[in-house]
Amino acid sequence: MKQSKLLIQTLRETPRDADVVSQQLMIRAGMIQKAAAGIYSYLPLAYRSIRKFEEIVREELGRDGCQELLMPSVLPAELWQESGRWTFYGDELLRFCDRKAKAEIAERRARGETPDERSFYNFCLGPTHEEVITDIVRKNVRSYKQLPMNLFQIQTKFRDERRPRFGLMRGREFTMKDGYSFHVDDADADREYWAMFNAYKRIFGRLGVKFRPVEADSGAIGGSFTHEFHVLAGSGEDAILSCDGCEYTSNSEKTEAPQLPVGSCGDRFELKRDHFCTPGVVGQVEQAAGMIDTEHPQGMALAQTSKFYLFQVSTAIAETHPAPGVEGTYSDVHYVGVVLRGDHEVNPVKVKNLLGANALDMVEINEAEAFTGAKSGFMGPIPGEGTRFANVRASVAILVDQSLKGAVNLTCGANRTDYHHFGLDPERDLKGCIFADLRMAQEGDTCPRCGKGRYQAFRGIEVGQVFKLGTKYSKSMGCTFLDDQGQEHPMVMGCYGIGITRTVAAAIEQNYDADGIIWPWPIAPYQVHLLSLDPGNAEVAAVADRVERELEAAGFEVLHDDREGMSPGAKFKDADLLGFPLRLMVGTKGLKDGVVELRDRRTKAVVKVKPEAAVAEVAAARDRIMQELETAGGR
Ligand code: ATP
Ligand code: MG
């Protein structure tokens with residue numbers, strides 16, 4: 001391919017609204033172009049990489065007998081209503097109505113009515129396809145003899161993300177591989193889960209990126225389990241904790257925190273109300289330092305203070321779930337109070353799962369202040385007299401982090417601005433409270449799985465996820481099969497996603513330097529960048545054209561920079577930016593000595609070879625690079 005004909009415009013300057021390296025480099029290298037927030041065109045170079053990655057995915061899934069199909073991206077509301085997700089999915093689901101529904105709205109308006117347009121939405125753009133695939137399988141598969149079945153597609157998805165950003169990493173429109181499997185029982189679904197887990201290890205291993213499978217949150221659905229696959233990169237949005245003594249690696253949303261020994265706090269006191277007064281001080285650390293009495297002239301240790309969060313569960317959950325530790329359901333308010341040690345952070349996902357809620361929100365500050373009667377920083381689990389909190393305490397669940405089980409003499413917000421109680425003993429003072437693991441585990445914590453190692457922290461980009469779904473969709477949508485006795489059962493399902501476009505961006509996040517991208521060979525848009533340094537010189541042009549033909553004949557993908565009127569320096573800069581693994585340079589000076597130069601993008605090592613030996617040298621370099629990749633990848 002001649003670069004003079006390629007649709008590409010490179011930029012010297014980093015675009016101002018690009019926040020991460022992959023986004024900056026893909027824009028500078030002329031690979032992507034923004035059409036709207038989170039919606040991009042993939043220009044020819046990017047699309048080549050994307051398609052190469054898709055092929056790797058297809059090959060590896062093919063080895064496991066998965067079948068490819070393609071479902072629509074515009075989906076009817078009815079299917080989503082059947083599964084119940086039409087109500088629960090939230091605003092990421094872009095909903096709209098077709099012309100028939102619009103005509104009906106217009107008709108009603110003409111009759112003087114004011115119809116709610118949203119109730120006429122009858123389609124959405126597919127963010128994921130459990131409903132559609134379940135509909136396909138229930139209509140086409142009847143017998144256990146047809147199972148198991150694993151179906152996948154590679155398709156454009158749409159999610160109306162709250163904050164689309166980072167280019168292809170968090171788009172609103174993006175390409176996903178989504179696969180779904182159907183089984184006669186749990187055991188077979190488990191077998192397939194691990195088959196897909198291993199297929200994902202092969203897929204990301206072939207890319208040559210550093211990645212880790214991590215245990216992840218599966219939400220509140222009991223009996224399900226899931227792993228995410230993360231490419232490790234400093235810019236990753238997810239925090240991962242990995243034990244240095246065993247295999248346990250998990251998303252910090254889910255990481256089990258060890259139960260810490262309770263520090264020595266001396267004899268157990270009575271609760272001393274309003275004992276500490278720290279007017280105007282709201283920070284946890286500053287407050288602890290200011291909690292001074294005769295026995296604590298230096299203030300309190302942070303680990304002896306407690307902090308308090310007020311969460312709110314949705315009405316749907318409040319009406320259907322018993323509130324833990326309180327009588328009946330969340331009758332009056334849907335509030336949940338969470339108490340933690342002052343130096344710990346709350347993990348909202350753990351709280352959410354404990355409650356069986358599918359959404360959980362922090363109570364807004366004004367509302368929380370009105371409820372407790374105190375400013376932020378002085379709220380606590382013991383209601384102040386005459387407050388609304390005191391009136392409804394019996395229906396507010398109080399959850400306490402397990403590290404405070406057995407703790408005594410803690411401080412807590414007094415629900416009176418500027419004051420803290422002292423002497424809190426959660427077991428004694430918080431009637432009906434539930435102890436559980438509710439905090440974020442942190443780097444350095446001892447791993448509760450092996451009891452020996454410590455957690456190390458990494459940042460990761462979630463590029464894939466395998467999920468055992470169980471019968472959630474097959475039950476709600478009636479996707480059943482007949483066993484060998486003619487008995488009907490719901491199929492057991494799994495689902496498996498890979499963010500195709502996000503993975504390509506993540507590979508760049510891990511492979512770049514100050515000059516540009518350093519493509520891993522398997523997804524480089526082209527493998528060899530052939531530079532004619534003086535294309536005006538007939539000999540240079542002739543040798544370059546010949547080498548291009550020979551390389552292509554040998555199966556290499558070559559971009560030939562044949563552009564005229566450009567200095568070698570400018571061509572080098574572009575080549576570094578585009579970052580193909582090998583650069584072959586043909587110039588007047590070299591040819592005088594009878595050589596061309598081959599440069600490795602990653603190591604910057606240069607070798608001089610005769611033009612007729614160029615193909616053999618490129619092949620040797622490829623073999624070396626692929627060997628390095630095999631040892632580097634899959635870690
Ligand atoms: P995230 O937590 O990052 O929002 P998710 O867990 O909601 O992702 P899944 O439903 O598991 O995403 O989708 C499968 C894969 O699709 C993800 O592992 C990720 O690689 C990719 N993906 C999800 N959302 C986006 C997005 N907005 N832009 C690009 N890729 C995405
Ligand atoms: Mg996911």
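Conventions and cut-offs
Residues numbered from 1 in each chain as written. Chains lettered and ligands numbered in written order. Predicted model: local features only at pLDDT ≥ 70, side-chain atom pairs only at ≥ 80, totals over all residues. Heavy atoms only, no water. Helix = DSSP H or I, 4+ residues; strand = E, 2+ residues; numbered from the N terminus. Buried < 20%, exposed > 50% of the residue type's maximum accessible area, 1.4 Å probe, protein only. Contact = heavy atoms within 4.5 Å. Areas by Shrake-Rupley, 256 points an atom, 1.4 Å probe, with all protein chains shown as cover. Lys, Arg positive; Asp, Glu negative; His and termini not counted. Charge placed at Lys NZ, Arg CZ, Asp CG, Glu CD. Pairing = 2+ DSSP bridges. Near = heavy atom within 4 Å. Polar contact = N/O pair within 3.5 Å; in protein donor to acceptor, adjacent residues only side chain to side chain. Core = buried A, V, L, I, M, F, W, Y, C linked by side-chain atoms within 4.5 Å. Domains from an automatic or database assignment. 1 Å grid on protein atoms, 1.4 Å probe; cavity = no way out; pocket = protein on both sides within 12 Å on 5 of 7 lines; lining within 4 Å. Points joined across faces, edges and corners; volume = space filled by probe spheres on them. Axes fitted to C-alpha atoms, helices over the stretch in contact; angles between N-to-C directions. Left-handed = near helix turned anticlockwise from the far one by under 90°. Nonpolar A, V, L, I, M, F, W, Y, C, P; charged D, E, K, R; others polar. Phe/Tyr/Trp six-rings, centres within 6.5 Å; stacked < 30°, edge-to-face > 60°. Lys NZ or Arg CZ within 6 Å of the ring centre and 35° of its normal.

### Quick word on the overall build of the chain
Now for step 1: Scanning the chain for helices and strands turns up 19 helices and 31 strands.
Now for step 2: Along the first, second and third principal axes, the C-alpha set of the chain runs to 95 × 70 × 60 Å.
Now for step 3: Looking at the chain residue by residue over its 635 residues, the buried ones come to 53%.
Now for step 4: Sequence separation of 24 or more characterises 72% of the internal contacts of the chain that already satisfy a separation of 6 or more.
Now for step 5: A total accessible area of about 28300 Å² is found for the chain, and carbon and sulfur atoms account for 49% of it.
Now for step 6: Within the chain, one finds 79 positive and 91 negative side-chain charges whose respective centroids are separated by 3 Å.

### Let's talk about helix H17 (residues 568–578)
Now for step 1: When we look at burial in H17, the residues that qualify are Lys-571, Asp-574, Ala-575, Asp-576, Leu-577 and Leu-578.
Now for step 2: Just beyond H17, the residue with positive phi is Gly-579, at close to 70°.

### Considerations on the sheet that holds strand S4 (residues 74–76)
Where strands meet in a sheet, backbone hydrogen bonds hold them as pairs that are either parallel or antiparallel.
Now for step 1: What the three strands build is an open sheet, ordered S4-S6-S5; its pairing is antiparallel. Every other strand in the sheet has two partners, leaving S4 and strand S5 (95–96) as the edge strands with one partner each.
Now for step 2: Note: S4 against strand S6 (residues 123–125), three bridges, orientation antiparallel. By the bridge assignment, Val-74 is partnered in S6 with Leu-125.

### Side note on the site of ligand 1
Now for step 1: Around ligand 1 sit 14 residues, and of these Arg-159, Glu-161, Arg-170, Gly-171 and Glu-462 come closest.
Now for step 2: Between ligand 1 and the protein, one listed contact pairs a nitrogen atom with a backbone N or O atom of Met-169 at 3.4 Å.
Now for step 3: Here Gln-465 contributes a side-chain N or O atom positioned 2.9 Å from an oxygen atom of ligand 1.
Now for step 4: Taking 580 Å² as the accessible area of ligand 1 by itself, protein coverage stands at 81%.

### Side note on the nonpolar core
Now for step 1: Core analysis: the biggest nonpolar cluster contains 55 residues, and Met-26, Phe-53, Phe-204 and Trp-519 have the highest contact counts within it.
Now for step 2: In terms of residue count, helix H7 (residues 186–207) provides more of this core than any other element does, eight residues in total.
Now for step 3: If you count residues domain by domain, this core takes at least three from each of domain 1 (3–43) and domain 3 (526–632).
Now for step 4: Every residue in contact with Trp-519, bar those within four places of it in the chain, is listed here: Met-31, Ser-49, Val-504, Ile-508, Ala-524, Pro-525, Leu-578, Gly-579, Phe-580 and Pro-581.
Now for step 5: Counting 26 residues, the second-largest nonpolar core is a separate cluster that includes Trp-86, Leu-93, Leu-147 and Met-477.

### Quick look at the domain arrangement of the chain
Now for step 1: For the chain, the domain assignment lists domain 1 (3–43), domain 2 (272–436) and domain 3 (526–632).
Now for step 2: Once you take the C-alpha centre of each, domain 1 and domain 2 turn out to be 48 Å apart.

### Some remarks on empty space enclosed by the protein
Now for step 1: By the definition in use, this model includes one cavity of 30 Å³ or more.
Now for step 2: Here the largest cavity defines a volume of roughly 50 Å³.
Now for step 3: Along the walls of the largest cavity sit Phe-166, Met-169, Glu-237, Asp-238, Gly-460, Ile-461, Glu-462 and Arg-502, which together make up its complete lining.
Now for step 4: Ranked by residues supplied to the lining of the largest cavity, first place goes to strand S21 (residues 455–470) with three residues.

### As for the environment of Gly-373
Now for step 1: You can see Gly-373 is positioned in the loop between helix H11 (365–372) and helix H12 (388–392).
Now for step 2: The exposure class assigned to Gly-373 is partly exposed, which follows from its relative accessible area of 45%.
Now for step 3: Considered as a pair, Gly-373 and Arg-416 are 43 residues apart in the sequence and their alpha carbons are 6.4 Å apart.
Now for step 4: Ignoring any residue separated from it by four or fewer positions in sequence, one finds Gly-373 in contact with Ala-368, Thr-387, Asn-415 and Thr-417.

### Topic: the packing of helix H2 (residues 44–63) against H7
Now for step 1: At a minimum axis distance of 10 Å, the contact between H2 and H7 shows a crossing angle of 145°. As for how H2 packs across H7, the hand of that crossing is right-handed. For the pair H2 and H7, contact is made by Phe-53, Ile-56, Val-57, Glu-59, Glu-60, Leu-61 and Arg-63 and by Met-196, Ala-199, Arg-202, Ile-203, Phe-204, Arg-206 and Leu-207, respectively.
Now for step 2: Partitioned by chemical class, the residues of the contact of H2 with H7 number nine nonpolar, no polar and five charged.

### Overview of the sheet that holds strand S27 (residues 528–532)
Now for step 1: In space, the five strands of this open sheet follow the order S28-S27-S29-S30-S31, with mixed pairing throughout. Lying at the two open borders of the sheet, with one neighbouring strand each, are strand S28 (558–561) and strand S31 (606–609). Within the sheet, the average angular offset between the axes of one strand and its neighbour, ignoring direction, is 20°.

### Regarding the packing of aromatic side chains
Now for step 1: Under the definition given, this model contains 20 aromatic pairs.
Now for step 2: Here the aromatic rings of Trp-80 and Tyr-89 are separated by 5.4 Å at their centres, their planes lie at 85°, and the arrangement is edge-to-face.
Now for step 3: Residue classification places Trp-80 among the buried positions, given a relative accessible area of 0%.
Now for step 4: Taking relative accessible area as the criterion, Tyr-89 reaches 21% and is therefore assigned partly exposed.
Now for step 5: Relative to Phe-197, the ring of Trp-194 has its centre 4.9 Å away and its plane inclined at 65°; by these criteria the two rings are edge-to-face. On the criterion of helical spacing, the pair formed by Trp-194 and Phe-197 is a turn pair, its members being three residues apart in helix H7.
Now for step 6: Here the aromatic residues Phe-53, Tyr-193, Trp-194, Phe-197, Tyr-200, Phe-204, Phe-211, Phe-225 and Phe-229 are joined through ring pairs into a cluster of three or more.
Now for step 7: Here the basic side chain of Arg-212 rests over the ring of Phe-458, its NZ or CZ set 4.7 Å away from the ring centre.
Now for step 8: Sitting above the plane of the Tyr-419 ring, Arg-416 keeps its charged end 3.8 Å from the centroid.

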